[in-house]
Amino acid sequence: MRRRWMSAVAVTVAGVLSLSACGGGGDQKGTGDGQAAAKKQVEVFSWWTGPGEADGLKAMREIFEKQNPGLTFFDAAVAGGSGDKARALLSSKLQANQPPDTFQGHAGAELQGYIKAGKLEPLNSLYDELKLKDVFPQQLVDQLTYEGNVYSVPVNIHRSNVLWFNPQVLKEAGVAGPPKTIEEFVTALEAVKKTGKIPLSIGSEWTAVHLMESVLLGSLGTDAYNALWAKGADWSGPAVTKALESFKTILSYAGPPQDDWQPASKQVADGAAAFNIMGDWAYGYFHNPPDGGLGKKSKEDFDWAASPGTDGTFMWLSDSFTLPKGAPNRDGAMAWLKVAASKEGQDAFNPKKGSIPARKDADKSLYTDYLEWDLGQWASDKLAGSIQHGVVANDAWKTAITEAVGLFLQSKDAAKLQQALVEAAQTNNQ
Ligand code: GAL
């Protein structure tokens with residue numbers, strides 16, 4: 001098997017105690033009469049509040065409620081794409097021993113952090129009971145496993161390295177099709193700039209990290225990108241310098257930063273911008289009917305390709321749900337995990353979420369249009385792990401990378417960015 005899954009890295013969960021709790025069902029669980037009702041409540045913590053992604057959660061919730069009439073789903077989602085805000089609050093809740101009943105965590109380094117910090121219960125018996133090791137790819141289960149115990153239930157596979165584009169805007173700019181290399185990308189961005197449209201849309205700070213991971217992969221190539229996460233890897237070489245200079249050039253074509261990924265993606269769908277590099281949750285948002293998505297037509301209003309230079313490689317991430325130690329409603333959490341693990345749950349969730357199922361036995365006929373392409377790429381591509389979405393860098397390392405990119409967005413100094421990334425790797429990848 002030529003696939004290469006990144007080895008997960010240890011971390012302790014960083015504490016962010018200054019945030020106030022919000023939306024936490026745990027805080028609302030009362031005493032006396034309230035307790036009986038609260039017993040039935042299942043607090044599900046995620047960051048799927050926004051257009052597009054909330055549709056996926058809703059679809060899975062409906063199945064949960066149908067199958068568990070005695071339980072109440074409590075949506076403890078914290079707004080903010082990619083979950084940076086949610087994870088900060090979660091961290092403070094876990095430190096205060098006030099966990100939700102279950103929370104969303106990314107497979108790989110991020111999840112390993114929670115495990116090593118002793119925050120999660122193993123789910124071996126659930127895996128045995130539902131024979132889950134037979135239905136999830138072995139390499140994915142490896143990313144959820146520590147010292148022989150498996151700790152979460154993956155609901156999906158997302159692709160990070162997608163170039164979304166507006167075919168009409170490309171046409172107006174005389175750009176024949178999606179750029180295949182970083183160099184072609186820069187040429188296309190320049191052509192769009194001349195039309196007065198936004199060449200590249202961008203959202204809040206995390207979307208710049210998301211963009212950077214695609215540019216690193218596209219510029220370095222898959223093997224060199226994957227090697228960055230091996231112990232002792234050197235980030236100071238000329239190939240990284242070149243990649244970061246390209247990142248700087250590409251960013252110079254970005255429009256005004258939007259509040260989050262949705263408004264940035266929307267600029268492409270609306271024809272205000274030509275390109276956006278974003279994960280495939282953007283597909284759910286573009287495609288879903290207008291009550292949750294934009295109801296746009298694929299290939300007309302929006303189109304997609306592998307992000308420049310990354311064709312043949314799937315930069316992956318996976319959302320999973322956990323059982324925190326001390327979950328107030330453990331049985332309720334197990335009921336949620338069973339739905340999340342099920343074929344029915346995954347086939348309801350993923351077509352809406354814009355992701356493909358983690359289960360190998362899902363109903364392929366439900367995955368059409370972009371998602372059909374996605375399934376095909378997943379089956380044949382090489383793999384690389386996402387930085388922003390928890391696969392390759394532990395929490396402390398990712399925080400250092402985010403800070404470095406944040407400073408770079410101000411200074412535009414690629415050499416300083418590289419130096420900060422070198423130090424981040426030296427400090428955190430041991
Ligand atoms: C990712 C997450 C996705 C999607 C995205 C944007 O971290 O894995 O499911 O929610 O953030 O919010």
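What counts and how
- Residues numbered from 1 in each chain as written.
- Predicted model: local features only at pLDDT ≥ 70, side-chain atom pairs only at ≥ 80, totals over all residues.
- Heavy atoms only, no water.
- UniProt positions renumbered as here; feature names shortened; annotations may be inferred.
- Buried < 20%, exposed > 50% of the residue type's maximum accessible area, 1.4 Å probe, protein only.
- Helix = DSSP H or I, 4+ residues; strand = E, 2+ residues; numbered from the N terminus.
- Contact = heavy atoms within 4.5 Å.
- Phe/Tyr/Trp six-rings, centres within 6.5 Å; stacked < 30°, edge-to-face > 60°.
- Lys NZ or Arg CZ within 6 Å of the ring centre and 35° of its normal.
- Pairing = 2+ DSSP bridges.
- Axes fitted to C-alpha atoms, helices over the stretch in contact; angles between N-to-C directions.

An unreviewed UniProt entry annotates the protein chain as Probable sugar-binding periplasmic protein of Sphaerisporangium album. Under the Sequence similarities (unreviewed entry) heading, UniProt states for the protein chain: "Belongs to the bacterial solute-binding protein 1 family."

Colleague: Please explain helix α5 (residues 109–116) as it appears in this structure.
Modeller: Three- or four-residue spacings in an α-helix give side chains the same orientation, since the helix completes a turn every 3.6 residues. α5 sits mainly inside the fold: 7 of its 8 residues count as buried. On the buried face of α5, the contacting elements are α4 (84–95), β3 (102–106), α7 (138–143), β4 (145–146), β6 (152–154) and β13 (319–322). After α5 finishes, the residue Gly118 shows a positive phi value of roughly 75°.

Colleague: Help me understand the packing of aromatic side chains, please; the structure alone is not making it clear to me.
Modeller: Within a pair of aromatic rings, the relevant descriptors are the distance that separates the centres and the angle that separates the planes. Here the structure, examined in full by the defined rule, presents 29 aromatic pairs. With 5.5 Å between their ring centres and 25° between their planes, Phe247 and Phe408 make a pair best called stacked. Residue Phe247 is found in helix α12 (residues 238–251), and its partner Phe408 is found in helix α18 (residues 395–411); the two are separated by 161 residues along the sequence. Per residue, the accessibility class of Phe247 equals that of Phe408, and both read buried. Following the ring pairs from residue to residue traces out a cluster consisting of Trp164, Trp261, Tyr283, Tyr285, Phe286, Phe302, Trp304, Tyr370 and Trp373. Here Arg87 stacks its cationic end above the ring of Trp47, 5.0 Å away from the centre of that ring. If you follow Lys299 out to its NZ or CZ, it ends over the ring of Trp304, 4.2 Å from the centre.

Colleague: Quick question: what am I supposed to make of the sheet that holds strand β1 (residues 41–45) here?
Modeller: By definition, the strands of a sheet pair up through backbone hydrogen bonds, in either a parallel or an antiparallel sense. Here we have 5 strands laid out as an open sheet, ordered β2-β1-β3-β13-β6, and mixed in their pairing. The open sheet has two free edges, formed respectively by β2 (72–75) and β6, since each of these has just one partner strand. When strand polarity is set aside, the average angle formed by the axes of neighbouring strands in this sheet is 30°. Note that β1 and β3 share 2 bridges and pair parallel. Of the residues in β3, the one forming a bridge with Val44 is Thr102. The sheet strands contacting α5 are β3, β6 and β13, and the helix crosses β3 at an angle near 130°.

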